[in-house]
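The lines below spell out each chain.
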Amino acid sequence: MRPYDVVKRGLDAAAAAVGLVVLGPVLLVAYVVVTLALGHPAIFKQQRPGRHGVPFTLLKFRSMRSIDAARGRVSNEERMTRFGRVLRATSIDEIPSLWNIFVGDMSFVGPRPLRLAYLERYSAEQQRRHSMRPGLTGLAQVSGRNALTWDDRLRLDQEYVEQRSLLLDARILFLTAKAVITPRDVAAEGQATMSEFFGPESTSRLSLAPLAEEHLETRVSWLNDDRVRAGISISFAADIDSTVRWFASTRSSSDRWDWVGVTPAGVSVSMCGLLRVEESTASLYIYVDPDQHKNGFGRDTMSILIANARRLGFDRLELETPADNEPARRLYESLGFSIVGTREDGKKLHLTKDITAGHANG
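Because the structure is a prediction, the values reported are computed rather than measured. Every chain's residues receive numbers from 1 upward, in the order its sequence appears when written. Whole-chain, interface and lining totals are the exception, using all residues; otherwise, since this is a predicted model, local features are given only for residues with pLDDT of at least 70 and side-chain atom pairs are given and counted only at 80 or more. Water and hydrogen atoms were dropped before computing side-chain values, which therefore reflect all heavy atoms in the structure.

Some points on the sheet that holds strand β11 (residues 348-354)
Worth spelling out the cut-off: DSSP-based pairing: two strands are paired if at least 2 bridges between them are found. Helix numbering and strand numbering both begin at the N terminus, where a helix is a DSSP run of H or I of at least 4 residues and a strand a DSSP run of E of at least 2. An axis is simply a line fitted to the C-alpha atoms; with a helix, the fit covers only the stretch in contact. Between two such axes, the angle follows the N-to-C directions and lies from 0 to 180 degrees. We call two residues in contact whenever any of their non-hydrogen atoms come within 4.5 Å of each other.
The strand order across the open sheet formed by seven strands is β5-β6-β7-β8-β9-β11-β10, and the pairing between neighbours is mixed. Either end of the sheet is taken by a strand with one partner, and the two such strands are β5 (207-210) and β10 (338-343). On average, adjacent strands in this sheet sit at an angle of 30 degrees to one another, irrespective of strand direction. Pairing of β10 with β11 involves five bridges; the strand directions are antiparallel. When the bridges of β11 are listed, Ile339 appears paired with Leu351. Relative to the sheet, helix α12 (residues 326-334) contacts β8 (281-288), β9 (316-322), β10 and β11, its axis offset from that of β9 by approximately 165 degrees.

Focus: the environment of Trp259
Under the convention used in this document: Only protein chains enter the area calculation, which uses a 1.4 Å probe; residues under 20% of their type maximum are buried, those over 50% are exposed, and those in between are partly exposed.
Tracing the backbone shows Trp259 in strand β6 (residues 256-262). Look at Trp259 and you get buried, because its relative accessible area is 12%. In sequence terms Trp259 and Arg171 are 88 residues apart; their C-alpha atoms lie 41 Å from each other. If sequence neighbours within four positions are ignored, Trp259 has contacts with Leu208, Ala209, Pro210, Leu211, Met271, Cys272, Gly273, Leu274, Leu305, Asn308 and Leu312.

Quick word on the side chain of Arg129
Rules: In protein, a polar contact requires one atom able to donate a hydrogen and another able to accept it; more generally it is a pair of N or O atoms within 3.5 Å, and residues adjacent in sequence count only if both atoms are side-chain atoms.
With respect to the element layout, Arg129 can be found in the loop between β3 (107-109) and β4 (135-137). Among the polar contacts made by the side chain of Arg129, one reaches the side chain of Asp157 at a distance of 2.8 Å. With residues near it in sequence (within four places) discarded, Arg129 still touches Pro111, Arg112, Leu114, Tyr122, Leu154, Asp157 and Val161.

Some details on a nonpolar patch on the surface
Put simply, the rule is: Exposure above 30% relative accessible area and no salt bridge define the residues that can form patches, which grow by joining like charges within 9 Å and nonpolar side chains of Val, Leu, Ile, Met, Phe, Trp and Tyr within 5 Å. In these tables, accessible area is a Shrake-Rupley quantity obtained with a 1.4 Å probe, and a residue counts as shielded only by the protein chains included in the view. Salt bridges are identified by distance alone: a Lys or Arg side-chain nitrogen within 4 Å of an Asp or Glu carboxyl oxygen.
A surface patch of nonpolar side chains, about 420 Å² in accessible area, is lined by Val18, Val21, Val22, Leu23 and Val26. For the nonpolar patch, the leading source of residues is helix α1 (residues 3-22), giving three residues. Mapped onto the fold, Val21 is located in helix α1. On the accessibility criterion, Val21 (65% relative accessible area) is exposed.

Some thoughts on the packing of aromatic side chains
Condition: Think of it this way: a Phe, Tyr or Trp ring, Trp meaning its six-membered ring, pairs with another when their centres are within 6.5 Å, and the plane angle makes it stacked under 30 degrees, edge-to-face over 60, tilted otherwise.
A complete count under the given rule lists nine aromatic pairs for this structure. The interplanar angle of 40 degrees and the centroid separation of 5.6 Å between the aromatic rings of Trp99 and Phe102 together place this pair among those described as tilted. Of this pair, Trp99 and Phe102 are both found in helix α5 (residues 97-103), three residues apart, which corresponds to roughly one turn of the helix. A residue is classified by how much of its surface remains accessible, and Trp99, at 43% relative accessible area, is partly exposed. Here Phe102 falls in the partly exposed class, since its relative accessible area comes to 33%.

What to know about the nonpolar core
Note the following rule: For our purposes a nonpolar core is just a set of buried Ala, Val, Leu, Ile, Met, Phe, Trp, Tyr and Cys residues, chained together by side-chain atoms within 4.5 Å.
Counting 28 residues, the largest nonpolar core has Leu274, Leu284, Met302, Leu317, Tyr332 and Phe337 as the members making the most contacts within it. Contributing elements (two or more residues each) for this core: β6, β7 (268-278), β8, α11 (297-311), β9, α12 and β11. It is α11 that provides the largest number of residues to this core, a total of six residues. Not counting residues within four places of it along the chain, the set of residues in contact with Leu274 comprises Asp255, Arg256, Trp257, Trp259, Ala282, Ser283, Leu284, Leu305, Ala309, Leu312 and Leu317. Listed in part, the 27 residues of the second largest apolar core include Ala30, Phe108, Val109 and Leu148.

Things to note about the packing of helix α8 (residues 216-223) against helix α10 (residues 240-250)
Let me state the cut-off plainly: To sort the angles, those under 35 degrees are grouped as roughly parallel, those over 145 as roughly antiparallel, those from 65 to 115 as roughly perpendicular, and the leftovers as oblique. Left-handed describes a crossing whose near helix is turned anticlockwise from the far helix by less than a right angle; the clockwise case is right-handed.
With their axes 10 Å apart at the nearest point, α8 and α10 run at an angle of 120 degrees to one another. Compared by their axis directions, α8 and α10 come out oblique. In this structure, α8 meets α10 at a crossing whose hand is right-handed. Residues Leu216, Glu217, Arg219 and Val220 of α8 form the contact with α10, whose participating residues are Ile240, Thr243, Val244, Trp246 and Phe247.

Some points on the packing of α1 against helix α2 (residues 24-38)
We apply this condition: Each residue receives one of three labels: charged for Asp, Glu, Lys and Arg, nonpolar for Ala, Val, Leu, Ile, Met, Phe, Trp, Tyr, Cys and Pro, and polar for the others, Gly being one of them.
As a packed pair, α1 and α2 sit with axes 4 Å apart at the nearest point and diverge in direction by 60 degrees. Relative to α2, α1 is oriented oblique. For the pair α1 and α2, the contacting residues are Gly19, Leu20, Val21 and Val22 in the first and Gly24, Pro25 and Leu27 in the second. Broken down by class, the residue content of the contact of α1 with α2 amounts to five nonpolar, two polar and no charged.

Looking at the confidence of the model for the protein chain
What counts here: As a per-residue measure, pLDDT tells how confident the predictor is, with possible values from 0 to 100.
Residues of the protein chain with pLDDT of at least 70 account for 91%, and the chain-wide mean is 89. Below a pLDDT of 50 lies the segment residues 188-192, which in the model reaches eleven contacts outside its immediate sequence neighbourhood of four places, other chains included.

Description of the pattern of salt bridges
In the structure shown here, the tally under the stated rule is 22 salt bridges. The shortest N-O distance in the salt bridge between Arg316 and Glu318 comes to 3.5 Å. Residue class for Arg316 comes out partly exposed when judged on its relative accessible area of 32%. Of the charged contacts in the structure, one is a salt bridge between Arg330 and Glu326, with a shortest N-O distance of 3.9 Å. In this pair, Arg330 and Glu326 are both assigned in helix α12, four residues apart and thus about one turn of the helix distant. Overall, Arg330 belongs to the partly exposed group, its relative accessible area being 48%. In this structure Glu326 comes out as partly exposed when scored by relative accessible area, which is 33%. Taken together, the shared-partner salt bridges in this structure form one network comprising Glu326, Arg329, Arg330 and Glu333.

Written out as structure tokens, the structure is:
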């Protein structure tokens, strides 16, 4: 453990103890007002991932009405009240979290604790935000709060993890105090709270672009490479003429999406796609430049592809892979896919993954 971490933990515990004593009257008054305005319980409790992803119980004041489908109160937007918006804008709803800081679940400064459901949606880079205790405030919160895109917000979390220091913490606390006095960007546009995180739109190493005719020669080359064919479920030999015809026939389809993974330098390193097989189910394919195997591009591509499937409204993904392709099977299982059967006398594995979107209201 770095000396910084030891000093920071001591400062957190001491400051949280002082805060709980000094703000005791505010806590009591807020508890009574929240109870009168929104009913019991006044304290909102929810499991959130802490350091290394270990769950803890986050404490906040409630800022929303309870779910009541009969009265049309289901979504966060429908349940949010003017009173709740004031609580969030002034950060009074966060005061009970001082207890989380005091007992060591959280810190004053660090990446905000998000939802447990998001843990498996992060890219490998984004997962680094859980290498330290989550914070009451953080670099993302003072750089735009909920008005930032998810990728920008999580990129700032990674930046904080890499550059954290007591001086940076002091700067963030100063900017947080300033933001509380002049609140803005408490919710994303059109949302009562931050919009749902479906997964990464890109990583530092690649992004997905729509497949174009200029990529087809590369596609044919990869599909005919034995190293690629060993990991995908096809038996035909690809040629450029049939691939051009296939591409022309799919461009007008509303049930198919194909992408190419491109590095910041513009180099194609992967290809992937989705095909609707049922209303909420899609089959997927992915293959990586055979010269780039074992460089992590497959995992990056899959993380973005799964996120895209959620954005398109799919609840379930399925794929096939050769049964003897151990690296591919391990990758898919590490991303949450489960083997549900075999085909062609056990030569191919059939895997599925539930990707239902929607986060718990609260």
